[in-house]
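Survey of secondary and tertiary structure
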Amino acid sequence: MTRQTSLFAGALFSLIAAPAVAQDPVEQGAPNAGFEPAFENQTRAPAMDSGVTLTASEFSGELVHPWGIDALPNGGWLVTERPGRMRVMSEDGTLSDPIEGLPEVLAERQGGLLDVKVGPDFAEDRMIYWTYAKPMENGESATAAARGVLSEDRTEVTEVEDIFVQSPSSPSPMHYGSRIVFDGEGHAFITTGEHFTQEEREFAQDLDTTYGKVVRVALDGTVPEGNPYTGEARSDAARQVWSYGHRNVQGAAIHPETGQLWTIEHGPAGGDELNRIEPGTNYGWPVISYGVNYNGNEVGTGDAVQDGMAQPRYYWDPVIAPGDMVFYDGEMFGDWQGDLLIASLSPGGIVRLSLDGDTVTGEERFMMGERRIRDIAVAPDGALLALWDDPNGAVLRMTPEEMSN
Ligand SMILES: [Ca+2]
């Protein structure tokens, strides 16, 4: 089906079906940009009410801008703080001293130590992976991903090596992305940003840079077979590219049933996006967008749709400023199984989306406007562990209100 046909069919469907099924979306205020969606439920999906009131308690406090969290196989979690520290958080929330051996980071503006993940072969090699703003020459920096071996006593990492360094380096300490996730087949997906400036954002369309990209590398950083741009004439950067045309991707998760990569990115005003990532695909930034620039000017062509560029599966207008996301898998919120839980920085809180295949069917929001949430993990009992990204931040344990005592 061509885009036009599917658009027409979608419009026809909404004409016929909308009056019968129309439900109000989540209350979210006036749009920033107000584009028409390309298909039904691409934005402002019907509001859901799961009857849950979330309550948050401080699980682990005194963290400075906590940014990434991941569970350790034998209990506890790794937690990063953006100024450059990584700690072990035990099952009762006790924090260790900072792990030694991590590289220097550029902790300016949005830069610093960012995501962390326990490697897929940790049981054999004790390898952990993280992303960070790597200091480069002349005060510049680049999004990088590194790995190292976590000592048995969990106090230091050794054999540290970068597996990805964004190119070129940038003078702008903004829009670094970044997340790292594994596909279970020996690859790491690393998400980046385009460093925000008017000149650099154009690189999101340039395959010879790794700005505004999802890259795919083997666990040792080499370029694996099957990347889309590995012909003989291609640059080193292009060989790493999996998808392009992204703005600032701070959320990534592998769909538990399809194994497909999904990402979420900070858009301009009105243009935060949820995307299903296909290799060799252009996601449009900064040519098309559902948002407008924060100064009110239109983005790129001024359109939200263009042939040859992928549509987001969902977008938010007004924005939610999305951090990371997780497909929920737990018992505490049984009705949410398989739903996407998304960290919102602004207005702040948790956004839940239900999906039917690749289509969003409903949206619900929790604790909006209370705190800036950067990342979410699911505890063994199904509770949410949410990173409150603040100078006096914390890991918050979120449970249904009736369980809070
Ligand atoms: Ca896009």
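Since this is a predicted model, take the numbers as computed values, not measurements.

Rules behind the numbers
- Each chain carries its own residue numbering, running from 1 in the written order of its sequence.
- Whole-chain, interface and lining totals are the exception, using all residues; otherwise, since this is a predicted model, local features are given only for residues with pLDDT of at least 70 and side-chain atom pairs are given and counted only at 80 or more.
- Starting at the N terminus, helices and strands are each numbered in turn, a helix being any DSSP run of H or I of at least four residues and a strand any DSSP run of E of at least two.
- Values of the radius of gyration come from C-alpha atoms, whereas the globule rule sets the reference at 2.2 Å times the count of residues to the power 0.38.
- Burial in this document is a count-based property: other C-beta atoms within 10 Å of a residue's C-beta are tallied, and the residue is buried at 20 or more, exposed at 12 or fewer, or partly exposed in between, with C-beta positions derived from the backbone.
- Only when DSSP finds a minimum of two bridges between them are two strands counted as paired.
- Axis angles are defined between N-to-C directions and span 0 to 180 degrees, where every axis is a line fitted to C-alpha atoms and, for a helix, only to the segment in contact.
- A residue's pLDDT is simply how confident the predictor is in it, with values from 0 to 100.
- Contact between two residues is assigned whenever their backbone-derived C-beta positions fall within 7 Å.

Secondary structure assignment for the chain yields four helices and 24 strands. The C-alpha radius of gyration of the chain comes to 20 Å, within 12% of the 22 Å expected for a compact globule of 405 residues. Looking at the chain residue by residue over its 405 residues, the buried ones come to 45%.

Another point: the sheet that holds strand β1 (residues 54–63). By way of backbone hydrogen bonds, the strands of a sheet pair with one another, either parallel or antiparallel. Read across the open sheet, the four strands follow the order β1-β24-β23-β22; overall the sheet is antiparallel. Either end of the sheet is taken by a strand with one partner, and the two such strands are β1 and β22 (373–378). Between one strand axis and the next, the sheet turns through 25° on average, direction left out of account.

For the rest of this paragraph, the subject is the confidence of the model for the chain. Here the chain averages 94 in pLDDT, and 94% of its residues register 70 or above. Note on residues 1–20: pLDDT is under 50 here. Beyond four places in sequence and across chains, it has seven contacts.

Now for the pairing of strand β13 (residues 248–254). With five of seven residues buried, β13 is to be regarded as a mostly interior element. Both β13 and strand β14 (residues 261–266) contribute to a ladder of six bridges, which runs antiparallel. Within β14, the residue paired with V249 across the bridge is E265. The hairpin turn running from β13 into β14, its antiparallel successor, is six residues long, and G259 in that turn takes a positive phi close to 75°.

Our focus in this paragraph is unusual backbone geometry. Each neighbour pair has its own omega, and for S167 with P168 the value is -5°, a cis peptide bond. By the element assignment, P168 lies in the loop between β8 (157–165) and β9 (180–182). Here S346 and P347 are connected by a cis peptide whose omega angle stands at 10°. Of note, N41 is a non-glycine position whose phi angle comes to about 65°, a positive value. Look at N41 and you get partly exposed, because 19 C-beta atoms sit within 10 Å. Look at A321: it is not a glycine, yet its phi comes out positive at around 50°. Here A321 shows up in the loop between β17 (314–316) and β18 (322–327). When the 19 C-beta atoms within 10 Å are taken as the criterion, A321 is described as partly exposed.

By secondary structure assignment, the location of D70 is in strand β2 (residues 66–71). For D70 and D375, which are 305 residues apart along the polypeptide, the C-alpha to C-alpha distance reads 9.6 Å.

Right, let's talk about the pairing of strand β11 (residues 213–218) for a bit. Counting buried residues in β11 gives five out of six residues, a clear majority hidden from the surface. Here five bridges tie strand β10 (residues 187–191) to β11, and the two strands are oriented antiparallel to one another. Residue pairing across strands places I190 opposite V215, the latter belonging to β11. Where β11 lies against strand β12 (residues 241–244), three bridges are found, and the strand directions are antiparallel. What sits directly across from K213, in β12, is Y244.

This next bit is on the environment of I320. Note that I320 resides in the loop between β17 and β18. A count of 24 C-beta atoms within 10 Å places I320 in the buried class. In this structure I320 touches D272, S344 and V351, once residues within four positions along its chain are discounted.

Okay, the environment of F333 next. For F333, the position within the fold is in the loop between β18 and β19 (340–344). It is 40 Å that separates the C-alpha atoms of F333 and V287, two residues lying 46 residues apart in sequence. Ignoring sequence-local partners within four residues, the contact set of F333 consists of V52, Y328 and G382.

Time to look at the sheet that holds strand β15 (residues 272–276). If you walk across this open sheet you meet the four strands as β13-β14-β15-β17, and the pairing is antiparallel. Of all strands in the sheet, those bounded by a partner on one side alone are β13 and β17. Neighbouring strand axes in the sheet, compared pairwise and without regard to direction, differ in orientation by 15° on average. Inspection of the sheet shows β14 paired to β15 by four bridges, in the antiparallel sense.

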